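# Chain and residue survey
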Amino acid sequence: MSARRKARKRALDFLYEADIRGATALSLLSERPAEELSQGDYVRELLVGVEEHLSKIDELITTYAQGWDMDRLPAVDRNILRLGIYEIVWSSDLDDGIAIDEALTLAKELSTDESAGYIHGVLGRISSIKESIAI
C-alpha cells in the first residue's frame, strides 16, 4: 500500500470519527501523539483542505448526490466523498482519475459495493464539471 493511500485512509479515519463525535478532524489530529502518524504531513494536508472547504464540499455533495441528503448518507460514504471532492477540485498535483480510484478503493474496503458505484457516479460528475464550479 502506498504512503499516500495509507494517509488517505488515516485522514478518513479522522473525518469519520469527527463526524460521529461532532468534533473537527483537526482537533482530533492535534490530540494524537506525533509518533502515531506515520504519514502525518499528507494526513494534515487532507484534513486542512477538507475543513477549509467543507461548506462548499458539502454543498457539492448535496447538489450532485441525487436522491440523498447529507443526513441519509452513511458517515463513511459522506467522508469518502469529502476526501475525493477535495482532491478533485482543490488538489492540483493529483489527476482526477487517481482521486476517484482511491476513493473507490476506500469504499470497497470500508463500505458496500453499492456505495462504491454511487461514489464513483458522484465523483465522476464532479470531475466532469470541476472547471465550472465556483470555488
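Look a little higher up for the structure.
Residues numbered from 1 in each chain as written. Predicted model: local features only at pLDDT ≥ 70, side-chain atom pairs only at ≥ 80, totals over all residues. Heavy atoms only, no water.

## Remarks on the environment of isoleucine 135
By secondary structure assignment, the location of isoleucine 135 is in the segment after α7 (113-129). Taking the C-alpha atoms as reference points, isoleucine 135 and arginine 8, 127 residues apart in sequence, are found 23 Å from one another. Ignoring sequence-local partners within four residues, the contact set of isoleucine 135 consists of Val89 and Trp90. (Helix = DSSP H or I, 4+ residues; strand = E, 2+ residues; numbered from the N terminus. Contact = heavy atoms within 4.5 Å.)

## Some details on the packing of helix α1 (residues 3-21) against helix α6 (residues 96-110)
Axis angle and axis distance: for two packed helices, these are the angle between their axes and the distance between the axes, and together they describe the pair. Interaxial distance between α1 and α6 falls to 11 Å at its minimum, and their mutual angle equals 60°. Comparing the axis directions of α1 and α6 gives the class oblique. Seen from above, α1 lies across α6 with right-handed handedness. Across the interface between the two elements, Arg5, Arg8, Lys9 and Leu12 from α1 touch Asp101, Glu102, Thr105, Leu106 and Leu110 from α6. Of the residues assigned to the contact of α1 with α6, the class counts are three nonpolar, one polar and five charged. (Axes fitted to C-alpha atoms, helices over the stretch in contact; angles between N-to-C directions. Parallel < 35°, antiparallel > 145°, perpendicular 65-115°, else oblique. Left-handed = near helix turned anticlockwise from the far one by under 90°. Nonpolar A, V, L, I, M, F, W, Y, C, P; charged D, E, K, R; others polar.)

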